[in-house]
Every structure is written in structure tokens, then in C-alpha cells.
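Close look at the chain arrangement
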Protein chains: 2
Amino acid sequence: MKITALEEYGLRCMLLLADKGSGIPLTITEISTKEGLSIPYTGKLLMILKQAGLVKAVRGRKGGYSLTRPPEEMALREIFDALGEPFFGPHHCGRYTGDNDVCVHNEDCKVRDMWTTFERFIGSILGRVMLADLAVGEYDFARILEARSEPG
Amino acid sequence: MKITALEEYGLRCMLLLADKGSGIPLTITEISTKEGLSIPYTGKLLMILKQAGLVKAVRGRKGGYSLTRPPEEMALREIFDALGEPFFGPHHCGRYTGDNDVCVHNEDCKVRDMWTTFERFIGSILGRVMLADLAVGEYDFARILEARSEPG
DNA sequence: TTAATACTATACAAAAAAGTAAAGATATTT
DNA sequence: AAATATCTTTACTTTTTTGTATAGTATTAA
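Residues numbered from 1 in each chain as written. Chains lettered and ligands numbered in written order. Predicted model: local features only at pLDDT ≥ 70, side-chain atom pairs only at ≥ 80, totals over all residues. Heavy atoms only, no water.

Another aspect to go through is the overall build of chain A. Helix and strand content of chain A: eight helices and two strands. Starting at the N terminus, the α and β elements of chain A follow one another as α-α-α-β-β-α-α-α-α-α. Dimensions of chain A, computed from the C-alpha atoms along their principal axes, are close to 55 × 40 × 25 Å. Across the 152 residues of chain A, 47% fall into the buried class. Summarising the internal contacts of chain A: among those between residues at least 6 apart in sequence, 59% fall at separations of at least 24. Summing over all exposed atoms, chain A offers an accessible surface of approximately 7,500 Å²; the carbon and sulfur share of this is 52%. One finds the centroid of the 19 positive side-chain charges in chain A at a distance of 9 Å from the centroid of its 21 negative side-chain charges. (Helix = DSSP H or I, 4+ residues; strand = E, 2+ residues; numbered from the N terminus. Buried < 20%, exposed > 50% of the residue type's maximum accessible area, 1.4 Å probe, protein only. Contact = heavy atoms within 4.5 Å. Areas by Shrake-Rupley, 256 points an atom, 1.4 Å probe, with all protein chains shown as cover. Lys, Arg positive; Asp, Glu negative; His and termini not counted. Charge placed at Lys NZ, Arg CZ, Asp CG, Glu CD.)

Here is the structure:
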């Protein structure tokens, strides 16, 4: 039950871009310096985020990366989905089949049902907390859950 | 953001022991057969659970594993803590330091604060859902959160 | 048009997690 | 006491994840 490296570092990069504002893009070099990451690894991260449509790249001089949307409209859920599988995703049961081709509990599984509920619970939070909330330091989940409706 | 193999399989073994009742212990061989896992791997899992004090072992004939406490008193949280680190644990920041010895955001980190809140949120659920709830198919988290007080 | 700057893609190396193998120690039953 | 069934320990192999290296492509400003 762990946060992966891509998720952790990817979120940090997104936050950096959110803080910067959408004016001037940030280069890979700048991002890598500010986050203490290597340049190739930073490039890899940004590439993943770009392919998910969360950031856009401008080449050449004065180029760099910036967000495709204002951080107020970017849910943490989208960011994590871009950087890895969800907590309990569609591949879970096919992945943990033990020694068999298909899980022993395939027909009826209490653990699966529990994870499904759990995933939905977590998703309802991450879908409503926006990158802008993070930038401002707002993560009172209970209040956010109350104030905002389920995301579309 | 993923569930580890140890957590998934370990939880299944615990559920199996909970269903069995605390009378006759289950052997590694029985557990491995019922869960579709190899015998050595099952042994490894049970050893971890034993060292955490969640199960006890009896050697020799008629031996095997059983729960140390009734499943009504065993929170999912304890089980996951035994099988791996918590979602956002004390080692997180020391682990994701990029190329430096200490994380660039060590002084003031919005991501860290967010994870802390998030971890507490998840913990408040997992601390109140018991293994017995799972066995019965009860995982209406909202209701459980409402009905039960914060665990000690 | 040229050189500098920046992103893109592919292949590879290192570290961590997952899973296996085999020999050893302990308890119970006969 | 001996045989058997069980847990226990250590070391090893495989797979996945992380992170690196390098060569290539595109854009812009002078």
C-alpha cells in the first residue's frame, strides 16, 4: 500500500507548474534543479504527464512545459491516474492470481468487494481535491467532500 | 498507488483463518491449497503475520495456524501495517529525496502535508473496519465511520 | 542559415519486490 | 524412542520498478 515514485515526483512537478502560473513555461532543466531530480528522469516524468494531456510542451528557445488547464480544474485523481494505476484497478484481480491462471476467488470475492468500495471512497476524495487546493494548502478533505459535488 | 502482493495475499489468508473459526488450526498446506499459492510463499506470509502477533503457530501433528484474537477485534489497519508500510509512512520523505541526501522540500512541503491528512483519513477507516466485517461482507464505510468511534 | 536550446525516443543498468528451494528445528502421536 | 507432521530459517532466482545514458528531432533567435 504505497505511493509510487512516479506518483510522488510527478505530483511535485505538477505543483511546481501550478505555482508558476501558466505564463512562461518551465524547462526540464529548471524543473529538475528545483525538484532535485536528474534531467533524464524529469524528462521521463514530463513525458508521461504530457501523454496524459495534463501538460503541454513548447520546443525551441523560450520553450518548456506548462499546464494545459488552470490548476483549479485539475483533480488530483487525474494526476495519479496519469502516473500509475488506481489503487484498486481493473488489472488487480488478474495480477494476483497466485499460481493459477485465474484467481481462486474469481466467482465471489469479499476482498474484491471491499477493495472496490475502498477505491470508490478514495476516488471520491481525489476527484474533488484540485491541484489549486494543494498549492494553497487546502486539504481539509471533510470540508471539501461536503462543499463539492461528486465529479462528473 | 498500489496494493502490494504481500498485503493482498496476506489479507486473504487472514480472512481464511477468520472464516475457519478459532478452533482447529489450518496448516500451511491447507492454506496454500485453498488460496492457490505455493507452499513456501504461504509459509513466508504466515511467518510475517506471526511476527506481527496476528496469528499463532502450533508445531507438530494437529498443528497449524490460527488467529490470536477473534476477528471482531482485528482491524484491517493492523493487518496492513503488519504486511507493509502504511500509505504515507515515516520513511516516505527519506525515500523520495531525488538526487540529494535530503528532500528539497524538507522544510516546508505541501505534498507532505496533504499525504499526512490523506493517510489519517484512510487510517480512520481501516482502523474501524474489522476482519469480521469483511468475513460477513460488511464494508459500508460511511456507516461504519458513523457508528464506531475512533480506534484507541 | 546556423547554432543554441529544448523536447522525444529507445535501449540499458541498478535497485527493490516477489517468489522459490532446500535443509533444519520442534512437537505430537504411536 | 522413533517416526511423522508441522513450523522455521536462510539463501537464492526471477520479475518489476526505478532511474540512467545516449542519440535524435524540432524550434527559435540572431
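Turning to the interface of chain A and chain B, a few remarks are in order. Interfaces are often sized by the accessible area lost when the parts come together. Each partner contributes to the interface: chain A provides 48 residues, whereas chain B provides 49 residues. Note on chain A versus chain B: buried area summed over both sides is about 4,800 Å², and carbon and sulfur give 67% of it. The three residues of chain A that bury the most area against chain B are M1, I3 and Y96 of chain A, which together make up 17% of that side's buried surface. Taken together, the links from chain A to chain B amount to zero salt bridges. (Buried area = accessible area lost by both parts, 1.4 Å probe. Salt bridge = Lys/Arg side-chain N within 4 Å of Asp/Glu carboxyl O.)

Looking at DNA strand C, there are 26 residues lining it, with K50 and R59 of chain A together with S38, K44 and R59 of chain B nearest. The protein-proximal atoms of DNA strand C, defined as those within 4 Å of the protein, are 85% sugar or phosphate. One nitrogen or oxygen atom from the side chain of R59 of chain A is found 3.4 Å from a sugar or linking oxygen belonging to DNA strand C. The side chain of R95 of chain B places a nitrogen or oxygen atom 3.1 Å from a phosphate oxygen of DNA strand C. Broken down by secondary-structure element, the contributors of at least two residues to the surface near DNA strand C are helix 3 (39–51), strand 1 (55–58) and strand 2 (64–67) of chain A together with helix 1 (5–20) and helix 3 (39–51) of chain B. (Near = heavy atom within 4 Å. Polar contact = N/O pair within 3.5 Å; in protein donor to acceptor, adjacent residues only side chain to side chain.)

Let us now look at the protein's contact with DNA strand D. The full set close to DNA strand D counts 26 residues, and S38 and R59 of chain A together with K50, R59 and Y65 of chain B are the nearest of them. Within the side chain of R59 of chain B, a nitrogen or oxygen atom sits 3.4 Å from a sugar or linking oxygen of DNA strand D. In this structure, a phosphate oxygen belonging to DNA strand D sits 2.7 Å away from a side-chain N or O atom of Y65 of chain B. When contributions to the surface near DNA strand D are tallied by element, the ones reaching two or more residues are helix 1 (5–20) and helix 3 of chain A together with helix 3, strand 1 (55–58) and strand 2 (64–67) of chain B. For the surface near DNA strand D, the leading source of residues is helix 3 of chain A, giving three residues. Of the residues belonging to the surface near DNA strand D, the class tally is 10 nonpolar, six polar and 10 charged. (Nonpolar A, V, L, I, M, F, W, Y, C, P; charged D, E, K, R; others polar.)

Now for the pairing of strand 2 of chain A. Within a regular strand, the side chains alternate between the two sheet faces. Residues and elements named next belong to chain A. Both strand 1 and strand 2 contribute to a ladder of four bridges, which runs antiparallel. In the sheet register, V55 faces strand 2, and the bridge partner there is L67. As consecutive antiparallel partners, strand 1 and strand 2 are separated by five residues, and within that stretch G60 has a phi angle of approximately 75 degrees, a positive value. (Pairing = 2+ DSSP bridges.)

So, about the side chain of E8 of chain A. Structurally, the position occupied by E8 of chain A is in helix 1. Given the relative accessible area of 2%, E8 of chain A is considered buried. Of the polar contacts made by the side chain of E8 of chain A, one reaches the side chain of W115 of chain B; its length is 2.8 Å. The residues contacting E8 of chain A, other than those within four sequence positions of it, are I3 of chain A together with H92, Y96, V111 and W115 of chain B.

This next bit is on the state of the cysteines. Defined simply, a disulfide is a covalent bond joining two cysteines at their sulfur atoms. Residue and element names in this part refer to chain B. For the structure shown, the criterion picks out zero disulfides over all chains. With no disulfide of its own, C103 lies 5.8 Å from the sulfur of C109, the closest cysteine sulfur. Note on C103: relative accessible area 8%, which makes it buried. (Disulfide = S-S within 2.5 Å.)

The next subject is the relation of the copies chain A and chain B. The transform that puts chain A on chain B rotates by 180 degrees and translates by 0.0 Å along the axis, for an RMSD of 0.0 Å. The superposition operator between the copies reduces to a two-fold rotation axis. The C-alpha atom lying nearest the rotation axis in chain A is that of K2 of chain A; the distance is 2.8 Å. When the interface residues of chain A are mapped onto chain B, 100% of them again lie at the interface, so the same face is used by both copies. (Least-squares fit on C-alpha atoms with pLDDT ≥ 70 in both.)

Residue and element names in this part refer to chain B. Applying the stated criterion across every chain yields a total of 14 salt bridges over all chains. Of the charged contacts in the structure, one is a salt bridge between R143 and D140, with a shortest N-O distance of 3.6 Å. Relative accessible area serves as the criterion here: at 32%, D140 is assigned to the partly exposed category.

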